[in-house]
Amino acid sequence: MTPLLELRNIWVEYGDKIVLERVSLQLDAGSFVAVVGPSGAGKSTFLRLVLGQEAPTRGQVLLDGRAMPAACGPDRGVVFQRYSVFPHLTALGNVLFGIECAGAPLTARLFGARRRAARDRAVEMLAAVGLDHSLDVYPAQMSGGMQQRLAIAQALVKHPRILLLDEPFGALDPGIRLDMHALITRLWQDHGLTIVMVTHDIGEAFKLGTRVLAFDKRRHDPHAPHRFGATVTYDLPLDRKTPPPPALLAALTTDPSGRPIA
Ligand SMILES: Nc1ncnc2c1ncn2[C@@H]1O[C@H](COP(=O)(O)OP(=O)(O)OP(=O)(O)O)[C@@H](O)[C@H]1O
């Protein structure tokens, strides 16, 4: 079976700085892939590759076995840690805007029956993330958790096949994070999504993921830290009950010389 997404020997370089090297992997439809690694290991760069926002300097990214289109299409949605929503639009306006942009790319306005259908769809999506009582609320009036629920609704209303999450719960309080874990698990199952989530929280990665990818450098040059890029150092299929291997925990909590990371 053709994998949903395939990276073949990907390299990302900026001038003489190598960020990613020799990244080869396949992602199956329906998986929940958690991406971990130390700061600067190229996790967000990997996400931008999958989003189509960044082209590799070498290698190929294939979607459904074909070269990835240069721009981010409606098949991919994204939620960042902050600032994914438009501050000048209400919750309903934010979600509706996404549908109107897709339905009327030039004017971003739908009329008549099409607008009514779009509004119904937006309200339904907001209800799915628990914001059905906050349709007319602006982001500035919302808690961080509500803003992230809105960002998820905004991304999902376009029915993406792949949902990319860049530290989506990193700024939230622990209790709210647990609610968001339950929400994202339900949406992943209900919508048959493929999720790629970057997180600094190893517990979150092993709790939510069906697979954990760790990015890190295999090779280090102390005199030229940019000479070698990061690659996939661990690729762990999970059944959601597997604890993190001690060596991975150590790799994520110590620097290359073995000193603990503060
Ligand atoms: N446009 C760019 N030009 C030069 N270097 C870049 C550029 N974009 C990213 N980098 C570098 O690529 C490396 C990887 O960055 P990236 O943001 O992907 O790491 P990360 O693992 O997501 O880090 P963090 O966990 O801190 O968010 C960093 O050293 C960063 O400075």
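Residues numbered from 1 in each chain as written. Predicted model: local features only at pLDDT ≥ 70, side-chain atom pairs only at ≥ 80, totals over all residues.

Moving on, we come to the overall build of the protein. The helix and strand tally for the protein stands at seven helices and ten strands. Out of the 262 residues belonging to the protein, those deemed buried represent 34%. Contacts spanning at least 24 positions in sequence make up 68% of the contacts within the protein whose residues lie at least 6 apart. (Helix = DSSP H or I, 4+ residues; strand = E, 2+ residues; numbered from the N terminus. Buried ≥ 20, exposed ≤ 12 C-beta atoms within 10 Å, placed from the backbone. Contact = placed C-beta atoms within 7 Å.)

Moving on to the site of the ligand. Surveying the vicinity of the ligand reveals the residues Tyr14, Lys17, Val19, Gly37, Ser39, Gly40, Ala41, Gly42, Lys43, Ser44 and Thr45. Among the elements of the structure, β2 (17-27) and α1 (43-51) are those that each provide at least two residues to the shell around the ligand. Per element, the largest residue contribution to the shell around the ligand is three residues, and it comes from α1. Residue classes in the shell around the ligand are distributed as three nonpolar, six polar and two charged. (Near = placed C-beta within 6 Å. Nonpolar A, V, L, I, M, F, W, Y, C, P; charged D, E, K, R; others polar.)

This part is about the confidence of the model for the protein. Taken over all residues, the pLDDT of the protein has a mean of 86, while the share at 70 or more is 87%. Taken element by element, the predicted model of the protein shows its lowest mean pLDDT in helix α7 (residues 246-253) (68) and its highest in strand β3 (residues 32-36) (96). Listed scores for the predicted complex are pTM 0.86 and ipTM 0.95. (pLDDT = per-residue confidence, 0-100.)

This next bit is on the environment of Arg48. You can see Arg48 is positioned in helix α1. Residue Arg48 is classed as partly exposed on the basis of its C-beta count, with 18 C-beta atoms lying within 10 Å. For the pair Arg48 and Leu164, spaced 116 residues apart in the sequence, the C-alpha separation amounts to 9.2 Å. Contact partners of Arg48, with chain neighbours within four places excluded, come to Gln53 and Glu54.

With seven of nine residues buried, α1 is to be regarded as a mostly interior element. Among the residues making up α1, those that are buried are Lys43, Thr45, Phe46, Leu47, Leu49, Val50 and Leu51. Taken from the residues just after α1, Gly52 is the one with a positive phi, measuring 85 degrees.

Further remarks concern the domain arrangement of the protein. Domains assigned within the protein are domain 1 (1-75 + 160-262) and domain 2 (87-159). With 13 residues of domain 1 at the contact, the number on the domain 2 side is twelve residues. With five residues, the top contributor of residues to the side of domain 1 that touches domain 2 is helix α5 (residues 174-190). (Domains from an automatic or database assignment.)

To continue, consider the packing of helix α4 (residues 144-156) against α5. It is at 11 Å that the axes of α4 and α5 come closest, and there the two elements cross at 15 degrees. Classed by the angle they form, the pair α4 and α5 counts as roughly parallel. Classified by chirality, the crossing of α5 by α4 is right-handed. Residues Gly145, Gln148, Arg149, Ile152 and Leu156 of α4 lie in contact with α5, whose contacting residues are Ile176, Asp179, Met180, Leu183 and Leu187. Taken together, the residues of the contact of α4 with α5 break down into six nonpolar, two polar and two charged. (Axes fitted to C-alpha atoms, helices over the stretch in contact; angles between N-to-C directions. Parallel < 35°, antiparallel > 145°, perpendicular 65-115°, else oblique. Left-handed = near helix turned anticlockwise from the far one by under 90°.)

Attention now goes to the pairing of β3. For β3, the buried fraction is high: five of the five residues fall into the buried class. Of the two faces of β3, both are covered, the one formed by Phe32, Ala34 and Val36 as well as the one formed by Val33 and Val35. As paired strands, β3 and strand β8 (residues 194-198) are joined by four bridges and run parallel to one another. In the sheet register, Val35 faces β8, and the bridge partner there is Val198. (Pairing = 2+ DSSP bridges.)

In this structure, Val35 and Ala153 are the most contacted members of the largest nonpolar core, which totals 62 residues. When residues of this core are assigned to their parent elements, the largest contribution, six residues, is made by α4. Setting aside residues up to four positions removed in sequence, Ala153 forms contacts with Val95, Met125, Leu126, Val129 and Leu131. (Core = buried A, V, L, I, M, F, W, Y, C linked by C-beta atoms within 7 Å.)

Within the secondary structure layout, Ser134 lies in the loop between α3 (112-128) and α4. What Ser134 contacts, discounting residues up to four positions off in sequence, is Ala91, Met142 and Met146.

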